[in-house]
Amino acid sequence: MSGLAMAQNKIPDFTEVIALDREQADATADELLRWGLDRWGDRLVVASSFGAEDVVLVDLVASIDRNARIFTLDTGRLHQETYDVMERLRRRYDIKFEVVTPRTELLQPMLQEKGPNSFYESVDARKECCNIRKMEPLRRVLATADAWVTGIRRGQSVTRTDAPRVTIDVPNGGIYKLNPLANWSEDDVWNHIRDNDVPYNSLHDCGFPSIGCTPCTRAIKPGEDVRAGRWWWEDPTSRECGLHARASTDSANL
Ligand code: SF4
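This write-up is about the structure you can find in this document.

Thresholds applied
- Counting restarts for each chain, with residues numbered from 1 along the sequence as it is written.
- Residues qualify for local features only when their pLDDT is at least 70, as the model is predicted, and side-chain atom pairs are given and counted only at 80 or more; totals for whole chains, interfaces and linings, by contrast, use all residues.
- With hydrogens and water stripped out, all remaining heavy atoms of the structure feed into the side-chain values.
- What counts as a helix is a DSSP run of H or I of at least four residues, what counts as a strand is a run of E of at least two, and both are numbered from the N terminus.
- Whether a residue is buried, partly exposed or exposed follows from its accessible area with a 1.4 Å probe, protein chains only, as a fraction of its type maximum: under 20%, in between, or over 50%, in that order.
- The term polar contact refers here to a pair of N or O atoms within 3.5 Å; inside protein, the definition further demands a hydrogen-donor-capable atom paired with an acceptor-capable atom, and it admits residues adjacent in sequence only when both atoms are side-chain atoms.
- Between two residues, a contact is recorded if the distance between any of their heavy atoms is within 4.5 Å.
- Criterion used throughout: strands pair if DSSP finds at least two bridges between them.
- In this text, near means that some heavy atom of the residue lies within 4 Å of the molecule or strand in question.
- Lining residues are defined by having an atom within 4 Å of a point belonging to a cavity or pocket. Those points lie on a 1 Å grid over the protein atoms alone, cavities being sets where a 1.4 Å probe fits but cannot get out and pockets being open sets with protein on both sides within 12 Å along at least five of seven lines.
- More than half of a molecule's atoms within 2 Å of the grid points is what it takes for that molecule to sit in a cavity or pocket.
- Each residue is assigned to one class: nonpolar for Ala, Val, Leu, Ile, Met, Phe, Trp, Tyr, Cys and Pro, charged for Asp, Glu, Lys and Arg, and polar for all the others, Gly among them.

**Quick notes on the side chain of Asp-54**
No. 1: Residue placement: Asp-54 occurs in helix α3 (residues 52-64).
No. 2: The exposure class of Asp-54 is buried, given its relative accessible area of 5%.
No. 3: At 2.6 Å, the side chain of Asp-54 forms a polar contact with the backbone nitrogen of Ser-49.
No. 4: Dropping the residues within four chain positions of it, Asp-54 is found in contact with Ala-47, Ser-48, Ser-49 and Gly-151.

Laid out in structure tokens, this is it:
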């Protein structure tokens, strides 16, 4: 996080945010990113977990400013294919990712007391693991920002159908949240990847539309919801990790 000061966030005015969302409604993803980078500079962070939408974001952002802040949450349980695409992107665009890792003082006690696979035992145990490996690191990086960018699309799942392009993320500190790809289709994403020869995660070629941690992600069958491969052993209503908890103006999710 390059020593940036922690944000002194004042929750933005909802009326202003709704107006900004309308103002940016017709902006392309590239235009919205340029606007965000002009407005917030290094107080804007771009999230990437290296799924298809995220590699598009990396391509767009790096083409605007290769020094823009792009962060990733390295949970310690990612697929090797995810590390591989991270490295290919790093070399291709000559960029550095901000790699945010879990705190040892939180992770070590959980591993010692509950073992390496506690997430399979209950929803609470899974949420504890997600909190330590994802949520706490996310809060740490967002505390250095006034705005963040995600690769959420409205067509990704039923929980994302009303995702705006500009919103407030109240649960994550009341900062702005931009979803430049909200109005993109899956075809738009893949056409961009192919047209621009963007490196992508090879797991997408093996039936993984949504890629998270290795033990908690699996391939899906044709016709299943794209997030059906995440935490597949749980009731579908509990399957968000909290990274994109519902904010007061949207239902944006990762
Ligand atoms: S997705 Fe699984 S391994 Fe990754 S943080 Fe959540 S529970 Fe832990």
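**As for the pairing of strand β5 (residues 166-169)**
No. 1: Of the two faces of β5, the one lined by Val-166 and Ile-168 and the one lined by Thr-167 and Asp-169 are each fully buried.
No. 2: Pairing geometry for β5 and strand β6 (residues 175-178), over four bridges, is antiparallel. Its bridge partner being in β6, Thr-167 is matched across the sheet by Lys-177.
No. 3: With antiparallel pairing between neighbouring strands as the criterion, β5 and β6 make up a hairpin whose turn holds five residues, including Gly-173 at a positive phi of roughly 100°.

**Let's talk about the site of the ligand**
No. 1: Surveying the vicinity of the ligand reveals the residues Phe-119, Arg-126, Cys-129, Cys-130, Arg-133, Lys-134, Cys-213, Cys-216 and Trp-231.
No. 2: When each cavity is represented as a set of grid points, the ligand is found to reside in the second largest cavity.
No. 3: Its residues assigned to classes, the shell around the ligand shows six nonpolar, no polar and three charged.

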